[in-house]
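The chain contents come next:
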Amino acid sequence: MNFIMRHQSTLTCAILLAATLFASSCKEERKLPIYGLRDTKTVKNSDGTQGVDTVYQTIPAFKFLNQDSVYITNDHFKGKVYIADFFFTSCTSICPIMHRNLKMISEKFKDNPDVMFLSHTIDFKYDTPSVLKKYAEKLGVDGPKWQFVYGPRDSVYTLAEKSYLVAVNVDSTNRDGYVHQGFLVLIDKDRRIRGAYDGTNPEQVAQLEKDIPVLLAEDKK
Amino acid sequence: MRKFTLISLVSLTLISMFYSCQTAENVQQDAYYVNGRDLYLKHCQNCHGAKGEGLGTLTPPLTDSIFMKANKEKLACIIKNGISTPVTVHGQVYEGKMPEFNLANIDVAQLVVYITNAFGHKQGMYTTQQIENDLKNCK
């Protein structure tokens, strides 16, 4: 009895510590899903047996002119996490909202060299690199972290629909001339899709902001 | 004493009744403001922002009271026909192009009431009649 009385505080501390450790060890780390089509391939294990491995959908090689009229490819995003979207500069509907939100995110991660941004224009007629440059400057985000790219209709539209899973199209009945979805697509350093967020929805944009660090932490391991 | 309390209570009620009554013009202005807010959400907020803050130097903010006051007669023309000439707001030149919005005169009036009374402005009522006159002088 005397012993317990004397060591009561130490005991309480020990119990608390044990409880905390127990609780934290149970918490599973949040991991982002991997989207897109999957395939399998047969691989040879180190012990000579055969196994099956998953092949995830990845963003294929691309080459586009950026706002400085310089060709950029996947190499530009090597080892980095990036957020891709599709827009056009004369768009008055969802693009301003998407880019208002994306700009806010870019400011939050401006000191992190592992986070980049890639906006593709779908207006292959008007949005030449010089127009994109002006747009980037006016949006206030002109720099190497956020690339605005211009490419031929076929390559950009195919990339959008087949690889980033974002619908884009020319629509002559629309006032702006084009229709597209406002997804901000999160790509990991292995070129896989790890998230798609509606860039016009504040809640989903907030989720994107929370998910970027999760993805970055995963790459650290 | 009781009489005094009674009189003061009655007069207080009367005074508060008088002050709670809005003038007809106030009621109309409030109606315009509320409808104008809905129209703003639908047509303007994408670019000009929820707080009228604009977007970079792509879209000018609507928070410059001096600009709003000085250009009030031009607002109807700008909304209805769009604008492609540069404007200077808060000392910053904005060169972008604003598209035209084909709205009825009363909608334009409601929008003007909203944008000149929200975002820290307090510029009062603007009637559909005034909008009609302004639209005759569009350049």
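What comes next concerns the included structure.

Conventions and cut-offs
Sequence order as written defines residue numbering, which begins from 1 separately in each chain. Following the order in which they are written, the chains are lettered starting with A and the ligands numbered starting with 1. Note on the predicted model: pLDDT of at least 70 is required for a residue's local features to be given, and 80 or more for side-chain atom pairs to be given and counted; whole-chain, interface and lining totals, by contrast, use all residues. For the side-chain quantities, the full set of heavy atoms in the structure was used; hydrogens and water were omitted. By definition, two strands form a pair when at least two bridges between them are found by DSSP. Helix and strand assignments come from DSSP, with helices taken as H or I runs of at least 4 residues and strands as E runs of at least 2, each series counted from the N terminus. Note on method: axes are straight lines fitted to C-alpha atoms, helices fitted across the in-contact stretch only, with angles between N-to-C directions ranging 0 to 180 degrees. In what follows, a contact means two residues having at least one pair of non-hydrogen atoms within 4.5 Å. The disulfide definition used here is simple: a pair of cysteine sulfur atoms within 2.5 Å. When a residue's accessible area, from a 1.4 Å probe over protein chains only, is under 20% of the maximum for its type it is buried; when over 50% it is exposed; and in between it is partly exposed. When two parts are brought into contact, each loses some accessible area as probed by a 1.4 Å sphere; the total of that loss over both is the buried area. Any carboxyl oxygen of Asp or Glu that lies within 4 Å of a side-chain nitrogen of Lys or Arg is treated as forming a salt bridge with it. Polar contacts, as used here, are pairs of N or O atoms within 3.5 Å; protein pairs need one atom able to donate a hydrogen and one able to accept it. Residues neighboring in sequence count only if both atoms are side-chain atoms. Only Phe, Tyr and Trp rings are paired, with Trp represented by its six-membered ring, and only when their centres lie within 6.5 Å; those with planes under 30 degrees apart are stacked, over 60 edge-to-face, the remainder tilted. In this analysis the charged atom, NZ for Lys or CZ for Arg, is taken to sit over a ring once it is within 6 Å of the ring centre and within 35 degrees of the ring normal.

## Thoughts on the sheet that holds strand β11 (residues 193-198) of chain A
Whenever strands of a sheet pair, they do so through backbone hydrogen bonds, lying parallel or antiparallel. All names here are of chain A. Spatially, the seven strands line up as an open sheet ordered β4-β3-β7-β6-β5-β10-β11, and their pairing is mixed. Each edge of the open sheet is held by one strand with a lone partner, namely β4 (71-73) and β11. Averaged over all pairs of adjacent strands, the angle between strand axes in this sheet comes to 35°, irrespective of strand direction. Direction of pairing for strand β3 (residues 63-66) relative to strand β7 (residues 146-150): antiparallel, over a ladder of two bridges. Across the sheet, the residue bridging to L65 is Y150, located in β7. Lying over the sheet, helix α3 (residues 95-108) contacts β5 (81-87), β6 (115-121), β7 and β10 (183-187), oriented at roughly 165° with respect to β5.

## Quick word on the state of the cysteines
Considering all chains together, one arrives at two disulfides over all chains under this definition. Note that C77(B) is cross-linked by a disulfide to C138(B), the S-S spacing being 2.0 Å. Sign of the S-S torsion, about -105° for the bond between C77(B) and C138(B), identifies this disulfide as left-handed. Here C77(B), found in helix α5 (residues 72-81), pairs with C138(B), found in the segment after α7 (128-136); they are 61 residues apart in sequence, far enough to count as distant. You can see C47(B) has no disulfide; the closest cysteine sulfur is in C91(A), sitting 7.8 Å from it. A residue is classified by how much of its surface remains accessible, and C47(B), at 19% relative accessible area, is buried.

## Notes on the interface of chain A and chain B
Tallying the contact residues gives 11 residues for chain A and 16 residues for chain B. For the pair chain A and chain B, the summed buried surface comes to about 1,100 Å²; carbon and sulfur atoms form 56% of the total. Three residues stand out in chain A for area buried against chain B, namely R100(A), K138(A) and R175(A), and they jointly supply 57% of the buried area on that side. Our count for the chain A to chain B interface comes out at one salt bridge. At the surface where chain A touches chain B, the tally comes to eight residue pairs in polar contact (both at pLDDT 80 or more). Breaking the side of chain A that touches chain B down by element, the ones donating at least two residues are α3 and α4 (129-139) of chain A.

## Some points on the environment of E100(B)
Relative to the elements of secondary structure, E100(B) occurs in the loop between β2 (92-94) and α6 (105-115). Judged by relative accessible area, E100(B) falls into the partly exposed class, the value being 42%. Between the C-alpha atoms of E100(B) and G120(B), which are 20 residues apart in sequence, the distance is 25 Å. Not counting residues up to four positions away in its chain, the partners in contact with E100(B) are R175(A), I79(B), K80(B), N81(B) and G82(B).

## Here we look at unusual backbone geometry
One non-glycine residue, L165(A), lies in the positive phi region at around 60°. Positionally, L165(A) belongs in the loop between α5 (153-163) and β8 (168-170). Residue L165(A) is classed as partly exposed on the basis of its relative accessible area of 43%. In this structure, F119(B) takes a positive phi of about 50° despite not being glycine. Position of F119(B) relative to the elements: it lies in the loop between α6 and α7.

## Observations regarding the packing of aromatic side chains
Any two aromatic rings considered together are summarised by their centre-to-centre distance and by the angle between their planes. Summed over the entire model, instances satisfying the criterion amount to 16 aromatic pairs over all chains. Taking 5.5 Å as the distance between ring centres and 50° as the angle between the ring planes, the aromatic pair formed by Y40(B) and Y114(B) counts as tilted. Pair noted here: Y40(B) is in helix α2 (residues 24-43) and Y114(B) is in helix α6, with a separation of 74 residues, a long-range link. Accessibility expressed as a relative area gives 8% for Y114(B), which makes it buried. In textbook terms, an aromatic cluster arises when at least three aromatic residues are bridged by ring pairs, as seen for F87(A), F117(A), Y135(A), W146(A) and F148(A). Note that K63(A) overlies the ring of Y71(A), its terminal NZ or CZ placed 4.6 Å from the centroid. Cation over ring: R175(A) sits above F101(B), and NZ or CZ is 5.1 Å from the ring centre.

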